[in-house]
Amino acid sequence: MIASNRIADGSFRVGVGLQKAWGVQMATAFFFGEAGAGLYFVAQFFDFVLGMTAGLLMVLFGKAGGHVLHLGQPLRGWRALTKVRTSWVSRGLAAIVLFIVAGALHVIDVRAGLLPAGVSQLVAALALAACFIIMIYQGFAMSHSSAITLWSSGLMPVASLTYALLNGVLLTLVFGFGEPFLADRPDTVRLLQVFAVALMLYGLVTVLSLLHGARHASEGGRQSVALLLQGGFARWFVPLVIGAGFVVSALMMLAAPPDFAWMLAVAGLELTGYYAFRVLVFKAGGYDPALSLAYRFRH
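All figures in this text were calculated on a predicted structure; none of them were measured in a lab.

## So, helix 9 (residues 234-254)
Item 1. At Gly243, helix 9 shows its maximal kink, close to 50 degrees.
Item 2. Each element contacted by the buried residues of helix 9 is listed here: helix 5 (155-175), helix 7 (186-215), helix 8 (219-229) and helix 10 (260-283).

## Considerations on the layout of surface pockets
Space left empty within the atom packing is revealed by a probe, the size of a water molecule, rolled over the atoms.
Item 1. In this structure, the second largest pocket spans a volume of roughly 220 Å³.
Item 2. Lining the second largest pocket are 13 residues; nearest its centre among them are Phe177, Leu182, Val189, Gln193 and Pro258.
Item 3. For the lining of the second largest pocket, the secondary-structure elements that each account for two or more residues are helix 6 (180-183) and helix 7.
Item 4. Broken down by element, the lining of the second largest pocket gets its largest block of residues, 4 residues, from helix 7.
Item 5. For the lining of the second largest pocket, the residue count by class is 10 nonpolar, 2 polar and 1 charged.

## Some remarks on unusual backbone geometry
Item 1. At Asp47, a residue that is not glycine, the phi angle is positive and equals roughly 55 degrees.
Item 2. Within the secondary structure, Asp47 sits in the loop between helix 1 (24-44) and helix 2 (49-70).

## A few points about the side chain of Asp109
Item 1. With respect to the helices, strands and loops of the structure, Asp109 is situated in helix 3 (residues 88-112).
Item 2. Buried charge without a partner: Asp109 forms no salt bridge, and the closest opposite charge is Arg111, 11 Å away.
Item 3. Not counting the four nearest positions on each side in its chain, Asp109 is found in contact with Leu114, Leu115 and Ser120.

## Concerning the packing of aromatic side chains
Item 1. Summed over the entire model, instances satisfying the criterion amount to 13 aromatic pairs.
Item 2. Geometrically, the ring pair formed by Phe31 and Phe32 is edge-to-face, given 5.3 Å between the ring centres and 85 degrees between the ring planes.
Item 3. Residue classification places Phe31 among the buried residues on the basis of a relative accessible area of 12%.
Item 4. A residue is classified by how much of its surface remains accessible, and Phe32, at 30% relative accessible area, is partly exposed.

## Overview of the pattern of salt bridges
Item 1. This model, assessed by the stated rule, comprises 2 salt bridges.
Item 2. A salt bridge links Arg278 to Glu34; the shortest N-O distance between them is 3.0 Å. Of this pair, Arg278 sits in helix 10 while Glu34 sits in helix 1, placing them 244 residues apart in sequence.

## Let's talk about the UniProt feature "transmembrane region" (unreviewed entry) in the protein chain
Item 1. Here the UniProt feature "transmembrane region" (unreviewed entry) sits at residues 21-42, 48-69, 89-108, 114-137, 158-178, 190-212, 233-254 and 260-277.
Item 2. With 86% helix and 0% strand, the stretch residues 158-178 has end C-alpha atoms that lie 32 Å from each other.
Item 3. Segment residues 260-277 splits into 100% helix and 0% strand. End C-alpha atoms: 26 Å apart.

## Thoughts on a nonpolar patch on the surface
Item 1. Residues Val247, Val248, Leu251 and Leu254 make up a contiguous nonpolar surface patch of about 350 Å² in total accessible area.
Item 2. The residue Val248 is located in helix 9 in this model.

## Things to note about helix 8
Item 1. Within helix 8, the full set of buried residues consists of Gly220, Gly221, Ser224, Val225 and Leu228. Projection of helix 8 onto a plane perpendicular to its axis shows the buried side chains occupying an angular sector of 130 degrees, all on one side.
Item 2. Summarising the contacts, the buried residues of helix 8 are in contact with helix 7, helix 9, helix 10 and strand 2 (286-287).
Item 3. Among the residues of helix 8, the N-terminal cap falls to Ser218, whose side-chain oxygen and the backbone nitrogen of Gly220 are separated by 3.5 Å.

## A few points about the environment of Gly55
Item 1. Inspection of the secondary structure puts Gly55 in helix 2.
Item 2. A residue is classified by how much of its surface remains accessible, and Gly55, at 0% relative accessible area, is buried.
Item 3. Spatially, the C-alpha atoms of Gly55 and Phe41 are 8.4 Å apart, while their sequence positions differ by 14 residues.
Item 4. When residues no more than four places from it in sequence are discounted, the contact partners of Gly55 are Gly36, Leu39, Tyr40 and Phe99.

## Focus: the packing of helix 5 against helix 10
Item 1. Running from N to C, helix 5 and helix 10 cross one another at 155 degrees; their axes reach a closest spacing of 9 Å. As far as their axial angle goes, helix 10 and helix 5 are roughly antiparallel. Helix 10 is crossed by helix 5, and the crossing has left-handed handedness. Here Met156, Ser160, Tyr163, Leu166, Asn167, Leu170, Leu171, Leu173 and Val174 of helix 5 lie close against helix 10, whose contacting residues are Phe260, Met263, Leu264, Val266, Ala267, Glu270, Leu271, Gly273, Tyr274, Phe277, Arg278 and Val281.
Item 2. Here the residues of the contact of helix 5 with helix 10 sort into 16 nonpolar, 3 polar and 2 charged.

Criteria and cut-off values
- Residues numbered from 1 in each chain as written.
- Predicted model: local features only at pLDDT ≥ 70, side-chain atom pairs only at ≥ 80, totals over all residues.
- Heavy atoms only, no water.
- Bend = angle between axes of the 7 residues up to and from the residue.
- Helix = DSSP H or I, 4+ residues; strand = E, 2+ residues; numbered from the N terminus.
- Contact = heavy atoms within 4.5 Å.
- 1 Å grid on protein atoms, 1.4 Å probe; cavity = no way out; pocket = protein on both sides within 12 Å on 5 of 7 lines; lining within 4 Å.
- Points joined across faces, edges and corners; volume = space filled by probe spheres on them.
- Nonpolar A, V, L, I, M, F, W, Y, C, P; charged D, E, K, R; others polar.
- Buried < 20%, exposed > 50% of the residue type's maximum accessible area, 1.4 Å probe, protein only.
- Lys, Arg positive; Asp, Glu negative; His and termini not counted.
- Salt bridge = Lys/Arg side-chain N within 4 Å of Asp/Glu carboxyl O.
- Phe/Tyr/Trp six-rings, centres within 6.5 Å; stacked < 30°, edge-to-face > 60°.
- UniProt positions renumbered as here; feature names shortened; annotations may be inferred.
- Patch = residues over 30% accessible without salt bridge, like charges linked within 9 Å, V, L, I, M, F, W, Y side chains within 5 Å.
- Areas by Shrake-Rupley, 256 points an atom, 1.4 Å probe, with all protein chains shown as cover.
- Arc of directions from axis to C-beta.
- Polar contact = N/O pair within 3.5 Å; in protein donor to acceptor, adjacent residues only side chain to side chain.
- Axes fitted to C-alpha atoms, helices over the stretch in contact; angles between N-to-C directions.
- Parallel < 35°, antiparallel > 145°, perpendicular 65-115°, else oblique.
- Left-handed = near helix turned anticlockwise from the far one by under 90°.

Structure representation (structure tokens):
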């Protein structure tokens, strides 16, 4: 059996293989899920209806719709909800359903005031709780992939939450530009800008720490990090994820004038970096070698 697999140098090896199950389609669903949940989470604290509505639609169509398209048999997708006790994917799907229902009710209540005070507060709390789960569950689902070192890290949920909150702050600044809750409160705008810069710096440290841990954990992790920083993906990862997504956007936010075009540019750079992060981390996810044998044949 081994002899039949001999290669030119007289050895037999099974090396690192890249995962193919999750690609651009799943990365896009993750992107809309975390960006939409982050936008709703921040907007709800200001009763900002446009922001909450946009966040709901991003999760409903971008996140939930993307997962339905990814399913081989969409009509059986409800079965994923039956493993809430053991699966982060099930918990996330349940949170999406709860978020869409509670979030929509809260938006209607803010506009029309239909619910009693106690019920209104309960619905708002449920929407925020479900929103928070959506922001973190994708990271937990990835961190459970123990065979893929780049993903199998406790920092993955932290990165998800950081990106989600950062997206929420920037999109609130964009969608809310000129709205009374920001236009009449320059101190609030500045506070959100400072919070955005802090999240950018924290996100940069989190991503670099994630790469550092993967590089020193296993052969699969070293290969994944090499692809992102030195190999075929480096021309995208370094300038977009690190450069545009964190460094340039943070510097621009520090110098941000009260101008809509400037704020839109900062948000666009950060969201581009975040989307690149989602796509490239999926593409660079390498399985650790299941077998590594060397056998030198004697003649």
